[in-house]
Amino acid sequence: AAHVLISEAERKAVHLRIGRLLLRSLPQEEVQEAIFDVVSQLNAGAALIAEPVERHHLARLNADAGRKAEAAVAHRPAITYFTLAFELIPGEPWETDPELAFAVRLARARCEYLNGNLAQARELAEEVRSRARTRADIAAAACLEADICLSEGEVQESVTCILDCLGLLGMPMSPHPTWEEA
């Protein structure tokens, strides 16, 4: 009843205060165990967080919550956590923290794919493929994009995606190898 009687702005401030208190009072291991509770409180007041360091920390907590939700096959909540994680990275996410930006975008693309949102998954997979910096990132993005193509019945595009990836990784292969090459 008290929650309903206070204004929206006051509610956000209360949720933020609760989240901050939880974060300060719980040991790190317990924060991970109660990640959904902590993050839901902080997210409810995230609009009031101006400090870039705190926003970045909340982005990392949302990424942790997203991974935990994904591991529990709760794709819709995972998508929400990964989306918020990306949005909370201060400044331009791809410049501020490219590793976190890549990880949460790739994870969101994977969850969108597993949730049946193939168009959104493809769009995100193309974005992360263009932002991949390491060999592992290139391979992860290409494999996801190939899976999406296969799900849509685009077998040749899937093969092309993998062959392009192999080429980028220094292992070019012909789409129609000779017997000697095979």
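Heads up: the structure comes first, above all this text.
Notes on the structure follow. The shown structure was predicted, so the numbers you read here are calculated from the model rather than taken from an experiment.

A tally of regular secondary structure across the protein gives eleven helices and zero strands. In the protein, the order of α-helices and β-strands from amino to carboxyl end is α-α-α-α-α-α-α-α-α-α-α. Here the protein has a C-alpha radius of gyration of 20 Å; the compact-globule value for 182 residues is 16 Å, and the former is much larger. Each principal axis of the C-alpha distribution contributes one length, and for the protein these read about 75 × 30 × 30 Å. Counting over 182 residues, the protein shows a buried share of 38%. The distance from the centre of the 18 positive side-chain charges to the centre of the 28 negative ones in the protein is 7 Å.

Let us now look at unusual backbone geometry. We note that Val 73 has phi near 60°; this positive angle belongs to a residue other than glycine. In this fold, Val 73 is placed in the loop between helix H5 (52-71) and helix H6 (75-88).

Glancing now at the packing of helix H9 (residues 118-131) against helix H10 (residues 135-151). Running from amino to carboxyl end, H9 crosses H10 at an angle of 155°, the nearest separation of the two axes being 9 Å. Between H9 and H10, the interaxial angle falls into the category roughly antiparallel. Seen along the crossing, H9 lies across H10 with a hand that is left-handed. Here H9 contributes Leu 118, Ala 121, Arg 122, Ala 125, Glu 126, Val 128 and Arg 129 to the contact with H10, which in turn contributes Ala 141, Leu 144, Glu 145, Ile 148, Cys 149 and Ser 151. Looking at the contact of H9 with H10 residue by residue, the class counts come to eight nonpolar, one polar and four charged.

Here we come to the pattern of salt bridges. Per the stated rule, a full pass over the model turns up twelve salt bridges. Taking the shortest distance from any N to any O, the salt bridge between Glu 8 and Arg 11 comes out at 3.0 Å. Of this pair, Glu 8 and Arg 11 are both found in helix H2 (residues 8-25), three residues apart, which corresponds to roughly one turn of the helix. Using a relative accessible area of 46% as the deciding quantity, one classes Glu 8 as partly exposed. Note that Asp 97 is salt-bridged to Arg 60, the shortest N-O span being 2.6 Å. In this pair, Asp 97 is assigned in the loop between helix H7 (93-96) and helix H8 (98-114) and Arg 60 in helix H5, connecting sequence segments 37 residues apart. Here Asp 97 falls in the buried class, since its relative accessible area comes to 6%.

In contact at an axis separation of 7 Å, H2 and helix H4 (residues 35-44) are set at 145° when each is read in the N-to-C sense. H2 and H4 meet at a crossing whose hand is left-handed. Across the interface between the two elements, Lys 12, His 15, Leu 16, Ile 18, Gly 19, Arg 20, Leu 22 and Leu 23 of H2 pack against Asp 37, Val 38, Gln 41, Leu 42 and Ala 44 of H4.

What counts and what doesn't
- Residues numbered from 1 in each chain as written.
- Predicted model: local features only at pLDDT ≥ 70, side-chain atom pairs only at ≥ 80, totals over all residues.
- Heavy atoms only, no water.
- Helix = DSSP H or I, 4+ residues; strand = E, 2+ residues; numbered from the N terminus.
- Rg over C-alpha atoms; globule rule 2.2 N^0.38 Å.
- Buried < 20%, exposed > 50% of the residue type's maximum accessible area, 1.4 Å probe, protein only.
- Lys, Arg positive; Asp, Glu negative; His and termini not counted.
- Charge placed at Lys NZ, Arg CZ, Asp CG, Glu CD.
- Axes fitted to C-alpha atoms, helices over the stretch in contact; angles between N-to-C directions.
- Parallel < 35°, antiparallel > 145°, perpendicular 65-115°, else oblique.
- Left-handed = near helix turned anticlockwise from the far one by under 90°.
- Contact = heavy atoms within 4.5 Å.
- Nonpolar A, V, L, I, M, F, W, Y, C, P; charged D, E, K, R; others polar.
- Salt bridge = Lys/Arg side-chain N within 4 Å of Asp/Glu carboxyl O.

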